[in-house]
Structure formats: structure tokens, C-alpha cells
Amino acid sequence: AVLQRGDDPTDATLPLCSFAVEDIDRLAYAGNNQDVTLVKNSSGDWMLESDPTLPLDQTKTASLVESYANLTAQRKLVGSDLTDLPEKSATPQMTIAIGAGEESVNLTVDQLNSVADVYYIYDDTGAAYTVKRSDLATLSKSARDLYKAQTLTDKTLDDVVSMQMNDLDFTQTDGSWTLTNDAGYALNQSSVKKMANTILQMQTAWTITTPDADSAYGLDDPDVTATLTFTDGTSLTVRFGTASASDDSLCYLASSDAPTLVYEVNADHKSAFAVTKESLHDDTATAETAADTDVVAQY
């Protein structure tokens, strides 16, 4: 009952961090299977200290920093309240360090009081506080949670003049696709466009900034290799590798525009390229839409 006094709406909560959000330039938290340190660079953007080139969603990251800066306690435990505290755990639930210049605030999230649904938190001085479990529930973000999805190019379908996929070559003219070496073949236009748009529009789920050799990702013998050539003379080649070791719903991908990186993308993207010349035949082609050589009979 004593611990629940903080639920009284007339009770003022106690801020655990005295820094203004804009002054914070470092945030580190460890626990709940996470160990993340974020630092602000000279341009004011947040980056992962252990992997500074990893693209982070600045909106998500700034929101997380603000949540830590605004963390409050229900109450500070003093006097007889301290005698009822359980002994500090040798392995706390979480440690938090918030830095602003030369100053820092360090917090230790210790044991949970499941009855009051609060954690006991200790500051630098050893003072003890109670904090709602719900206030801490969403703060243990992984680097993947903060990752900013990437696109492979800013080109659109209108910018594409040709596409090569494994042993098939396609040409686009005025929005219509043909087989480069068999222009009269009736192609299923939507299937070909789907392949091109998959490359143009897909977003990455992760970036490996210091990858191993291609063989570690199945990129030395890729399942799919596709190249788009654009109206400005540039091209983009992608290679789809094996399933990700961390999540089999993802697969590895290499892009010619970022040769030093390996990406993880949705593995379902590969299905767009599971085609043959025969499967791409447009069986609905009519005398009006098909080339002369495709017309068997005309009424």
C-alpha cells in the first residue's frame, strides 16, 4: 500500500534526469538482452558507437533519447521505506547512462516489485526510487529497432531502359517490355514490371557494414542476379544470396552501388524472379496486343 501512493494523481513524479533533451549527447543502456550506446555526432545526428556507419532512423532515435530524458520516479524511498528494500541484485535488470558534455546521470534498474508493479532504481548517490514497470517497458530498443530502412536507388520504372535477369534480357520502350532477343514474344507485362519494381522499391531490413567474404552469404553463387540499365547510362546490379542466419524470413543481398556492404531484405522478394521465358508468356495476348508472329488465327 505504501508503494502504491505514487498512483495518487496529486503526487508529483520525480525527474531522474536533470538534462535538457537538446543537451544530451550520449545514451547508453544495457540489460534485457541489449547493450546499446548512442552518441551524437558533430552534425547533431545520432549514431551507434559500435557501428557509426549503420543508418539510424533519427526520428525514432531522438524519441528514444527523449523518453530516457523524461524518465520519472513515482517516489524516492527514505527512512523506514529503505529497510524493506530487497538486497541489491548482483545482476541488475538494466543500467542506464545519460551524458551531456562532461556530466552524466547513471541509473541502475534493480529488482521488480510485482505487487506494486514497480522497479527499484538507484542513482549515482545510491538513493532509491520506484519507477513504474510500464515506463521502462519500451526503452530497451535494439539497434535493429532504430535502424533506418534503405532503398537501393532513387530511380523509377520510367528511368529503366533494359533489365537482365539471369539468362533473360528485357527491353522497355514507351512503357512496354519485350524480350531483347525475341521482340515478338508475348510477355506478361505485369510480371516483368514486378521484377523491375522489386529492385527499385524494396527496402532493406538491415545493413552489414563490415561483411565477411561473399561466400558467407551465398553471394558468390547467388540465387538471382539482376541488372537494371537506366536512361542516363548508369546501371544497378543486385545479387540475392542465402537466408539470413538471424532470421530466415530475410535473405542477403548485394548491390553494385554499395560494394562494401551486404544488406538483409525480405526473402519473399526473390519470388518475383522465379520465372522462365515460358512462365512469362502472356496467354491472354490478342490480335490487337500481340505481335504478328504470335497470331495463330484471326476471326
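Shown above is the structure to which this text applies.
The rules behind each value
Residues numbered from 1 in each chain as written. Predicted model: local features only at pLDDT ≥ 70, side-chain atom pairs only at ≥ 80, totals over all residues. Heavy atoms only, no water. Helix = DSSP H or I, 4+ residues; strand = E, 2+ residues; numbered from the N terminus. Rg over C-alpha atoms; globule rule 2.2 N^0.38 Å. Buried < 20%, exposed > 50% of the residue type's maximum accessible area, 1.4 Å probe, protein only. Contact = heavy atoms within 4.5 Å. Areas by Shrake-Rupley, 256 points an atom, 1.4 Å probe, with all protein chains shown as cover. Lys, Arg positive; Asp, Glu negative; His and termini not counted. Charge placed at Lys NZ, Arg CZ, Asp CG, Glu CD. Pairing = 2+ DSSP bridges. Axes fitted to C-alpha atoms, helices over the stretch in contact; angles between N-to-C directions. Salt bridge = Lys/Arg side-chain N within 4 Å of Asp/Glu carboxyl O. Phe/Tyr/Trp six-rings, centres within 6.5 Å; stacked < 30°, edge-to-face > 60°. Lys NZ or Arg CZ within 6 Å of the ring centre and 35° of its normal. Core = buried A, V, L, I, M, F, W, Y, C linked by side-chain atoms within 4.5 Å. Expected span 1.5 Å × (residues − 1). Arc of directions from axis to C-beta. Polar contact = N/O pair within 3.5 Å; in protein donor to acceptor, adjacent residues only side chain to side chain.

Structural notes on the overall build of the protein chain
- Within the protein chain, the regular secondary structure consists of five helices and 18 strands.
- Relative to the compact-globule value of 19 Å for 299 residues, the protein chain shows a C-alpha radius of gyration of 28 Å, a clear excess of over 25%.
- For the protein chain, buried positions account for 39% of its 299 residues.
- Taking the intrachain contacts of the protein chain between residues at least 6 apart in sequence as the baseline, contacts between residues at least 24 apart amount to 58%.
- Surface summary for the protein chain: the accessible area is close to 16100 Å², and the carbon and sulfur share equals 46%.
- Taking the average location of the 18 positive side-chain charges in the protein chain and that of its 47 negative ones, the two points are 7 Å from each other.

Here's the deal with the sheet that holds strand 3 (residues 34-40)
- Taking strand neighbours across the sheet as the criterion, the eight strands line up as 4-3-2-7-8-9-10-6 in an open arrangement whose pairing is antiparallel. Only two strands of the sheet have a single partner each, and these edge strands are strand 4 (46-48) and strand 6 (75-77). Neighbouring strand axes in the sheet, compared pairwise and without regard to direction, differ in orientation by 25° on average.
- Relative to strand 10 (residues 128-132), strand 6 runs antiparallel, the two sharing three bridges. Looking at strand 10, one finds that Leu-77 is bridged to Ala-128.

Here's the deal with the pattern of salt bridges
- With the rule as written, the count across this model stands at eight salt bridges.
- Here Glu-49 and Arg-26 are joined by a salt bridge, their closest N and O atoms 2.9 Å apart. Within this pair, whereas Glu-49 is found in the loop between strand 4 and helix 1 (58-69), its partner Arg-26 is found in strand 2 (residues 26-31), the two being separated by 23 residues in sequence.
- A salt bridge links Lys-270 to Asp-223; its shortest N-O distance comes to 2.7 Å. Here Asp-223 lies in the loop between strand 14 (206-208) and strand 15 (224-230) and Lys-270 lies in the segment after strand 18 (262-266), a separation of 47 residues in the sequence.

Some words on the packing of aromatic side chains
- Taken as a whole, this structure holds four aromatic pairs when the rule is applied.
- When the centroid spacing of 5.3 Å and the interplanar angle of 20° are considered together, the rings of Tyr-29 and Tyr-68 count as stacked. A residue pair is termed long-range when its members are at least 10 positions apart, and Tyr-29 in strand 2 and Tyr-68 in helix 1 qualify at 39 residues.
- With a centroid separation of 4.8 Å and 70° between ring planes, the pair formed by Tyr-217 and Tyr-252 is classed as edge-to-face. Taken together, the residues Tyr-217 in the loop between strand 14 and strand 15 and Tyr-252 in strand 17 (residues 250-255) connect sequence positions 35 residues apart. The same class applies to Tyr-217 as to Tyr-252, namely buried.
- Directly above the ring of Phe-230 sits Lys-155, whose terminal nitrogen or CZ lies 5.2 Å from the centroid.
- Its end group placed over the ring of Tyr-185, Lys-277 keeps NZ or CZ at 5.0 Å from the ring centre.

A few points about the sheet that holds strand 16 (residues 235-243)
- Pairing in this open sheet of eight strands is antiparallel, and the strands run 13-12-11-15-16-17-18-14 from one edge to the other. Each edge of the open sheet carries a strand with a single partner, namely strand 13 (176-179) and strand 14. In this sheet, neighbouring strand axes are inclined to one another by 25° on average, regardless of whether the strands run parallel or antiparallel.
- Pairing analysis gives six bridges linking strand 15 to strand 16, with the strands arranged antiparallel.

What about the nonpolar core?
- By size, the foremost hydrophobic cluster in this structure holds 42 residues, and its most contacted members are Leu-38, Tyr-68 and Ile-96.
- Leave out the neighbours within four places in its chain, and Ile-96 touches Leu-27, Ala-28, Tyr-68, Leu-71, Val-105, Asn-106, Leu-107 and Val-109.

Examining helix 1
- The terminal C-alpha atoms of helix 1 lie 16 Å apart, and with twelve residues this matches the ideal 16 Å at 1.5 Å per residue to within 8%.
- Here helix 1 has its buried residues at Thr-61, Leu-64, Val-65, Tyr-68 and Ala-69. Viewed along the axis of helix 1, the buried residues span an arc of 140°, placing them on a single side of the element.
- Against strand 2, strand 3, strand 4, strand 7 (94-100) and helix 4 (143-146) lie the buried residues of helix 1.
- The backbone nitrogen of Thr-59 lies 3.0 Å from a side-chain oxygen of the residue at the head of helix 1, namely Asp-57.

Quick look at the side chain of Ser-255
- Tracing the sequence through the fold places Ser-255 in strand 17.
- In this structure Ser-255 touches Leu-152, Leu-236, Thr-237 and Tyr-263, once residues within four positions along its chain are discounted.

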